[in-house]
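Results of the structural survey
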Amino acid sequence: MMKRNIQILAALLLLFLSSCANDPQDNKAKYVFYFIGDGMGFSHIALTEAYIAEAVTPGEADEPSSFPLCFTQFPVMGMATTYSASNWITCSSAAGTALSTGFKTGNHMLGVLPDSTELTSISYMIHNAGRNVGIMSNVPIDHATPACFYASSASRSDYFNVASQMPASGFEFFAGGGLYGVKGVDAQDSTKRLELEKMIADAGYTIAYGMDDYKSKKDNRGKMVLVQSGTLRGETLPYASDRELTDMSLRDMVEAAIERLDDGKGFFIMAEGGMIDWAAHDNDVANTIYEIIDMDQAIRVAYDFYLEHPDETLIVVTADHETGGVSIGRGSGYTIELENVPAMKSDTTKSNLTLDNYMHGPEQLDSVSVKTKIGWTTSSHCGGAVPVFAIGAGSLQFAGRQNNTDIPRKICSAMGIEFNPEMKKH
């Protein structure tokens, strides 16, 4: 009975979302949220929704079901192809370039054409039109996907060059796990860190180290860079399963971005759930699930904003590529056993397999996959299409089959901003 009630509530919520989406499609989006789940394919989402259903109604394995995430209930759904200009299977920087500039490039290139001609991200087109811009990720800000929205480089690994373009962008808000570019040639060398800190300060940015420091500095209405710890050195944020109360989350970043950018001009926020990819590379069932749930929590913040501004807000959720080739099923048979997914620190009731005995490493992670009967085909990327979900002003154009290069062009169209690849960045 409990599960039946949950399914009815989910259906009613979907109807509510659909009714909210019946806005006039000629409305121009003043506020845009662009969420990219790095490595998140259709199967990753299905796995997560199956896990949530099991967690909500444990012990009812004879009644399999799927409990929806917030973003999978958006009334518009499509799919996007992901191949790069050089490979059937894309890397993150090539996919990020397509999603940010509307053009394909070769693997390991960032914000440039295959011949190294510099491209212009829609972030600059939107900023040039007078809107505020925020770029954030739960991995370093100069990592492949977020970097594609402000930088151009023939090599994604040229981190100092990429990081130095962040303050030069003039965008109002950046957040994430620091900058790989501060490492320089030697991880112990502080020269690059000091040089980048000076660039950031000279460009008028305040640096906030964690949410407590952010709260103490948020009344400063200038441009801001928000990073996790007391250094700019690039680090990923902890997995959601390992997070302490003092750790920053993607949800925190989106909330801070709205707070800083919502000044009447309108804004564009790109938020990447980068840790989904890292977990899937490790064939890590638990953290793949938890990171998708964590990104969904950030999307809920955007959805709450949408409910306040339904005629002026667009939310688009997609992925740059799929990672890991996860399958809901392993070997023969028709069952999975998600009760064997390790519990998060905050969940002591879920399973006798906890994070205390859940050691990271190929052998241990594979044993969890075996226990849950979840399969993986690779520890790298896959070449399949990825989902696209949308709600709000201009959202209908994201339905159906599209290339990943179409998405940024459609965002500009939804905002009433000219897509101008010839526009200079500065």
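For the structure, see preceding data.
Predicted model, so just to flag it, every value in this text is computed and none were measured. (Residues numbered from 1 in each chain as written. Predicted model: local features only at pLDDT ≥ 70, side-chain atom pairs only at ≥ 80, totals over all residues. Heavy atoms only, no water.)

1. Side note on the overall build of the chain
Helices and strands together make up the secondary structure of the chain, namely 13 helices and twelve strands. Here the chain, with 426 residues, has 56% of them falling under the buried criterion. In the chain, the share of contacts with a sequence separation of at least 24, taken over all contacts with a separation of at least 6, comes to 76%. Accessible surface for the chain amounts to roughly 16,800 Å². Of this, 52% is attributable to carbon and sulfur atoms. (Helix = DSSP H or I, 4+ residues; strand = E, 2+ residues; numbered from the N terminus. Buried < 20%, exposed > 50% of the residue type's maximum accessible area, 1.4 Å probe, protein only. Contact = heavy atoms within 4.5 Å. Areas by Shrake-Rupley, 256 points an atom, 1.4 Å probe, with all protein chains shown as cover.)

2. So, the packing of aromatic side chains
Tallied over the full model, the rule gives 20 aromatic pairs. Relative to Phe 174, the ring of Tyr 150 has its centre 5.4 Å away and its plane inclined at 85°; by these criteria the two rings are edge-to-face. Highlighted residues: Tyr 150 in the loop between helix H5 (144-147) and helix H6 (159-169) and Phe 174 in strand E4 (residues 173-176), separated in sequence by 24 residues. Just as Tyr 150 is buried, Phe 174 falls in that class too. Between Phe 174 and Tyr 205, the aromatic rings sit 6.2 Å apart at their centres with planes inclined by 55°, giving tilted as the arrangement. Here Phe 174, found in strand E4, pairs with Tyr 205, found in strand E5 (residues 205-209); they are 31 residues apart in sequence, far enough to count as distant. We note that Phe 174, like Tyr 205, is buried. Each residue in the set Tyr 31, Phe 33, Phe 35, Phe 267 and Phe 305 is aromatic and connected to the rest through ring pairs, giving one cluster. (Phe/Tyr/Trp six-rings, centres within 6.5 Å; stacked < 30°, edge-to-face > 60°.)

3. Considerations on helix H3 (residues 92-101)
Across the ten residues of H3, ten count as buried, placing the element largely inside the fold. The elements touched by buried residues of H3 are strand E1 (31-37), helix H4 (122-128), H5, strand E8 (313-318), strand E10 (381-382) and helix H13 (406-415). Positioned one or two residues after H3, Gly 102 has a phi angle of 85°, which is positive.

4. As for a nonpolar patch on the surface
Where nonpolar side chains cluster on the molecular surface, the patch consists of Phe 42, Met 77 and Met 79 and spans about 270 Å² of accessible area. Summarising the element assignment, Phe 42 is placed in helix H2 (residues 42-56). Its relative accessible area of 36% is what places Phe 42 among the partly exposed residues. (Patch = residues over 30% accessible without salt bridge, like charges linked within 9 Å, V, L, I, M, F, W, Y side chains within 5 Å. Salt bridge = Lys/Arg side-chain N within 4 Å of Asp/Glu carboxyl O.)

5. Some thoughts on the packing of helix H9 (residues 250-261) against helix H11 (residues 285-308)
Following both chains from N to C, one finds H9 and H11 inclined at 25°, their axes separated by 8 Å at the closest point. Of the possible angle classes, the one that applies to H9 and H11 is roughly parallel. Pair H9 / H11 crosses with right-handed handedness. Counted together, Leu 250, Arg 251, Val 254, Glu 255 and Ile 258 of H9 and Asp 294, Met 295, Gln 297, Ala 298, Val 301 and Phe 305 of H11 form the full contact between these two elements. In the contact of H9 with H11, the residues fall into seven nonpolar, one polar and three charged. (Axes fitted to C-alpha atoms, helices over the stretch in contact; angles between N-to-C directions. Parallel < 35°, antiparallel > 145°, perpendicular 65-115°, else oblique. Left-handed = near helix turned anticlockwise from the far one by under 90°. Nonpolar A, V, L, I, M, F, W, Y, C, P; charged D, E, K, R; others polar.)

6. Notes on a negative patch on the surface
Together, Asp 262, Asp 263, Asp 304 and Glu 308 give the surface a local cluster of negative charge. Looking at the secondary structure, you find Asp 262 in the loop between H9 and strand E7 (267-273). (Lys, Arg positive; Asp, Glu negative; His and termini not counted. Charge placed at Lys NZ, Arg CZ, Asp CG, Glu CD.)

7. Looking at the sheet that holds E8
Reading across from one edge, E5-E6-E4-E3-E7-E1-E8-E11-E2-E12 is the order of the ten strands in this open sheet, with mixed pairing throughout. This sheet does not close on itself; its edge strands, each paired only once, are E5 and strand E12 (400-403). Direction aside, the axes of adjacent strands within the sheet are offset by 15° on average. Packed onto the sheet, H6 meets E4, E5 and strand E6 (223-227) and runs at close to 120° relative to E5. (Pairing = 2+ DSSP bridges.)

8. Concerning the side chain of Ser 153
Mapped onto the fold, Ser 153 is located in the loop between H5 and H6. There is a polar contact of 2.6 Å between the side chain of Ser 153 and the backbone oxygen of Ser 155. Sequence-distant contacts of Ser 153, defined by excluding residues within four places in its chain, comprise Met 109, Leu 110, Val 112, Asp 158, Asn 161 and Val 162. (Polar contact = N/O pair within 3.5 Å; in protein donor to acceptor, adjacent residues only side chain to side chain.)

9. Structural notes on the pattern of salt bridges
By the definition in use, this model includes seven salt bridges. The residue Asp 213 makes a salt bridge to Lys 217 at a minimum N-O spacing of 2.9 Å. Of this pair, Asp 213 and Lys 217 both sit in helix H8 (residues 210-217), four residues apart, roughly one helical turn. Look at Lys 217 and you get partly exposed, because its relative accessible area is 25%. For Glu 255, the salt bridge identified is with Arg 251, shortest N-O distance 3.3 Å. Of the two residues, Glu 255 and Arg 251 both sit in helix H9, four residues apart, roughly one turn of that helix. Judged by relative accessible area, Glu 255 falls into the partly exposed class, the value being 36%.

10. What about the packing of H2 against H11?
One way to put it is that H2 packs onto H11 with a least axis distance of 9 Å and a crossing angle of 90°. Between H2 and H11, the angle falls in the class roughly perpendicular. On H11, the residues that touch His 44, Ile 45, Leu 47, Thr 48, Tyr 51 and Ile 52 of H2 are Val 285, Thr 288, Ile 289, Tyr 290, Ile 292 and Ile 293. A breakdown of the residues in the contact of H2 with H11 according to their chemical character gives nine nonpolar, three polar and no charged.

11. So, the pairing of E1
Along E1, seven of the seven residues are buried, which leaves the element largely enclosed by surrounding structure. Side chains Tyr 31, Phe 33, Phe 35 and Gly 37 of E1 all project onto a buried face; the interleaved residues Val 32, Tyr 34 and Ile 36 project onto the opposite face, where all are buried too. Bridge analysis of E1 against E8 gives six bridges, and the strand direction is parallel. By the bridge assignment for E8, Tyr 31 is matched with Thr 313.

12. Topic: unusual backbone geometry
Even without a glycine there, the phi angle at His 108 is positive, about 75°. Along the chain, His 108 turns up in the loop between H3 and H4. The residue Ser 116 is not glycine, and still its phi comes out positive at about 75°. With respect to the secondary-structure elements, Ser 116 resides in the loop between H3 and H4.

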